Amino acid sequence: MTSGSPRLLGGEMLAWSDLDGSRGPGPVGGPTLTGLLTAVGGRTLVVGPHHPDLLDAVPSPDLTILVRGLPDAETLTTRYADRPEVQVYCGSPEKLPASPQYDTLVALDGLGRLTSVEGSDLSWTDLFDLLVSMLRPTGRLLLGAENLLGLHRLPWPPPERTDSDWTAPEEYDHTRPGGLPRLRDRLAASGLWTVGTWATFPGPRTPTALLGTDLLADTDLTGFLQAALSATDPGPSVPPPAELGPLAELGRSVPPLADPARLAVVALRHGGATELAPGWVVLAERLAGTNTNTNTTPERHDDSDEGADPVGSRPPAAVLSWGGRRGREVHRGPAGGWRYADGAVVPSGRTAEDLVLAATARREVPALRALLTAWQAGPLADVPADQVVVPPHGAWHAVTAAEPTEVVRRAYAEATGRTESPTGPVEGESREVGSDVVLRRLASRMIDAGLAYLWPAGELTSTLATLAGRDPVPFADDRAQAVAGGWRELLVDRDELAREVAEARALAQWYERTLTERDRELTRLRRIVSLVSGTPTARAGRILLAGARTARRTARTALHHLRHPT
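Values in this document were obtained by computation on a predicted structure and should not be read as measured data.

Caption draft 1: Seen up close, the overall build of the protein. Scanning the protein for helices and strands turns up 14 helices and 15 strands. Of all 566 residues assigned to the protein, the portion counted as buried reaches 49%. A sequence separation of at least 24 residues applies to 71% of the contacts in the protein between residues at least 6 apart. A total of about 27,100 Å² of accessible surface is found on the protein, and carbon and sulfur atoms cover 56% of it.

The following block contains the structure:
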């Protein structure tokens, strides 16, 4: 019970905090992960650093929290002082009372930040077996796992060492399962069958997209999934505030080798999004009559089964959030297929950007003109093309609904010169500005995709606007609204600029060469005229011509006097 001070177990760290993020990565949290807490029920144990807002969303009233730092334990004790059923423990996990057992165990941050410098140095397997032993039969485990070969690591330089890295890196712990299949096998070997698995994007600790593996495997939802992954783009690679997540949690302040969001879309297109996800969250249930020493593999439970749920309710298949607010949830429909929480069908098809890039690569100008015209003439003209799903039949859909991506928010504010950014679809006077912004965004992404060579050198945004049947947009650098922050995209931009400079230089050299040749020809003609003018024949001709002009003036004067005598 929370009485004013946490319960100390031994092995607690007196001056250490994981919640403030000052000495390493911050706690796991974000509005997206709250969607999984619907699976929590009964007596619940939460281990590891979890954001207090995430702890507030735990529906179980009988809640036990274990942290290793005393400042964190005191903070949580003060926060839940009015909830006597919440217990806060501080210390090493091996000192936690093993009984009574728990109905649900939540470790969304994984097992890497449970041990203390004052306690035993436990391996991943030791911690896992310890926690599983605290689960009751039919109890549930909600476990997060970082993918050490994920898209949040591959395009980045090695992270800087922090004060929290006093133990050996997890990649050198041979007891830790490497990859999602091995993690599932390890769960099965401990008598737990997997109820559901979700991939987290763009980072393992503060994801903005939580996508079930069954959803990722559905090829009919390619457009929806690409839009969801594109919306996780962290924006320009500048030192971000702590609440932005993917860059802040890794301490990144330099561009990655390639844009992680673009790599995620490519991985999805080729069927590798689950394997290359930055992290996974696994919901597993312990079978009755099993223990951690069993070597039998339990029968896997079908995720689509709508049978009784003894602990909590069934979590959604996907959760998306934008701008720090929880967005749409996706569930499996009663008759199959996928539906939003409000009952609307999740659209199938491809994104408008994907279709535009494909038509551009095939040089199908009529198809490209039809796509751009349909997009800009419809109600989704101010929605980014990578967020618009084009189904085989029917109306187009905006995956982000009324929430523009943060990149478009910033671009809108820059284009309008306003300090505030829109909170929903722009209307009226600002709708045209919003259309210009999304066209510039599309042009930037086409350049980053390496397709600029298919277009004449110049402003691609105006070309796209003209193809869409609109007036050319005001001049602006296509790269000014760039959304890619990787070195690959920077090199693509550099190569494109080099090509444009080479073309401009070749044109300038042609102008200079043509001007020199014409100047030489003019000089030659002037010399000829000068030579011809100095010959006796030329002088006689000039005298004869002057006499003829004088005779003509005299005749005109005489004729005038005859017609008008004075």
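Caption draft 2: Examining the sheet that holds strand β15 (residues 397–398) more closely. What the three strands build is an open sheet, ordered β13-β14-β15; its pairing is antiparallel. With partners counted over all chains shown, the strands left at the sheet margins are β13 (350–351) and β15, one partner each. In terms of strand pairing, β13 meets strand β14 (residues 388–390) through two bridges, oriented antiparallel. Residue Arg-350 lies in a different strand from β14, and its bridge partner there is Val-390.

Caption draft 3: Here's a closer look at a positive patch on the surface. A cluster of basic side chains, namely Arg-549, Arg-552, Arg-553 and Arg-556, defines a positive patch on the protein surface. Tracing the chain through its elements places Arg-552 in helix α14 (residues 536–563).

Caption draft 4: Structural view of helix α2 (residues 70–79). Inspection of α2 places Leu-70, Asp-72, Ala-73, Leu-76 and Thr-77 among the buried residues, and these make up the whole buried set. Buried residues along α2 cover an arc of 155° about the axis, so they all sit on one side. Against the buried residues of α2 lie β1 (7–10), α1 (52–56), β3 (63–67) and β4 (86–91).

Caption draft 5: Highlighting a nonpolar patch on the surface. A cluster of nonpolar side chains, namely Leu-507, Trp-510 and Tyr-511, defines an oily patch on the protein surface of about 340 Å² accessible area. Residue position: Leu-507 is located in helix α13 (residues 487–533). In this structure Leu-507 comes out as partly exposed when scored by relative accessible area, which is 42%.

Caption draft 6: A look at the pairing of strand β9 (residues 279–286). β9 sits mainly inside the fold: eight of its eight residues count as buried. Pairing of strand β6 (residues 135–146) with β9 involves seven bridges; the strand directions are antiparallel. Within the sheet, the bridge partner assigned to Glu-146 lies in β9 and is Gly-279. Two elements, strand β7 (residues 192–201) and β9, share eight bridges in a ladder whose sense is antiparallel. Considered in β9, the bridge of Thr-200 is made with Gly-279.

Caption draft 7: Examining unusual backbone geometry more closely. Along the chain, Phe-201 connects to Pro-202 via a cis peptide bond; the corresponding omega equals -5°. Along the chain, the position of Pro-202 falls in the loop between β7 and β8 (209–212). Look at Thr-138: it is not a glycine, yet its phi comes out positive at around 70°. Take Thr-138: it is sitting in strand β6. Judged by relative accessible area, which is 33%, Thr-138 ranks as partly exposed. At Arg-363, a position not held by glycine, the phi torsion is positive, near 60°.

Caption draft 8: How the structure looks around the pairing of strand β5 (residues 102–107). In terms of residue burial, β5 counts as a mostly covered element, since six of its six residues are buried. By the bridge criterion, three bridges tie strand β2 (residues 44–47) to β5 in an arrangement that is parallel. Bridged to Val-46 within β5 is Val-106.

Caption draft 9: Just the environment of Arg-113, in detail. With respect to the secondary-structure elements, Arg-113 resides in the loop between β5 and α3 (124–132). Relative accessible area serves as the criterion here: at 10%, Arg-113 is assigned to the buried category. In the structure, Arg-113 is positioned 52 residues away from Asp-165 in sequence and 9.7 Å away in space, judged by C-alpha atoms. Aside from chain neighbours lying at most four places away, what touches Arg-113 is Asp-18, Pro-25, Gly-26, Pro-27, Val-28, Pro-49, Arg-68 and Arg-205. At a separation of 2.8 Å, a polar atom in the side chain of Arg-113 contacts the main-chain carbonyl oxygen of Gly-26.

Caption draft 10: How the structure looks around the pattern of salt bridges. Scanning all chains against the criterion turns up 19 salt bridges. When the shortest N-O distance is used, the salt bridge between Asp-129 and Arg-186 registers 2.8 Å. With a gap of 57 residues between them, Asp-129 in helix α3 and Arg-186 in helix α4 (residues 180–189) connect regions that are remote in the sequence. Note on Asp-129: relative accessible area 22%, which makes it partly exposed. With relative accessibility at 18%, the residue Arg-186 sits in the buried group. Here Glu-364 makes a salt bridge to Arg-362, at a shortest N to O gap of 3.0 Å. When salt bridges with common partners are traced through the structure, they connect Asp-53, Asp-56 and Arg-79 into a single cluster.

Caption draft 11: View of the side chain of Gln-376. Locating Gln-376 in the fold gives a position in helix α9 (residues 365–377). Within the structure, Gln-376 has its side chain in polar contact with the side chain of Arg-470 (distance 3.2 Å). Each residue touching Gln-376, except ones within four places of it in the same chain, is listed here: Ala-381, Ser-435, Val-438, Leu-439, Ala-468 and Arg-470.

Caption draft 12: A look at the confidence of the model for the protein. Scored by pLDDT, the protein comes out at a mean of 80, with 79% of its residues at no less than 70. Mean pLDDT per element in the protein: helix α10 (residues 406–416) is the minimum at 48, and β2 is the maximum at 96. Every residue in residues 233–251 scores below 50 in pLDDT, and together they form 36 contacts with partners more than four places removed in sequence or on other chains. Contacts for the low-pLDDT stretch residues 292–311, under 50 throughout, to residues beyond four places or in other chains number 43 contacts.

Caption draft 13: A look at the environment of Leu-63. Mapped onto the fold, Leu-63 is located in strand β3. For Leu-63, a relative accessible area of 0% gives the class buried. Separated by 23 residues in sequence, Leu-63 and Val-86 have C-alpha atoms that sit 4.9 Å apart. Leu-63 has contacts with Thr-44, Val-46, Leu-55, Val-58, Glu-85, Val-86 and Gln-87, leaving out every residue within four places of it along the chain.

What counts and what doesn't
Residues numbered from 1 in each chain as written. Predicted model: local features only at pLDDT ≥ 70, side-chain atom pairs only at ≥ 80, totals over all residues. Heavy atoms only, no water. Helix = DSSP H or I, 4+ residues; strand = E, 2+ residues; numbered from the N terminus. Buried < 20%, exposed > 50% of the residue type's maximum accessible area, 1.4 Å probe, protein only. Contact = heavy atoms within 4.5 Å. Areas by Shrake-Rupley, 256 points an atom, 1.4 Å probe, with all protein chains shown as cover. Pairing = 2+ DSSP bridges. Patch = residues over 30% accessible without salt bridge, like charges linked within 9 Å, V, L, I, M, F, W, Y side chains within 5 Å. Salt bridge = Lys/Arg side-chain N within 4 Å of Asp/Glu carboxyl O. Lys, Arg positive; Asp, Glu negative; His and termini not counted. Charge placed at Lys NZ, Arg CZ, Asp CG, Glu CD. Arc of directions from axis to C-beta. Polar contact = N/O pair within 3.5 Å; in protein donor to acceptor, adjacent residues only side chain to side chain. pLDDT = per-residue confidence, 0-100.

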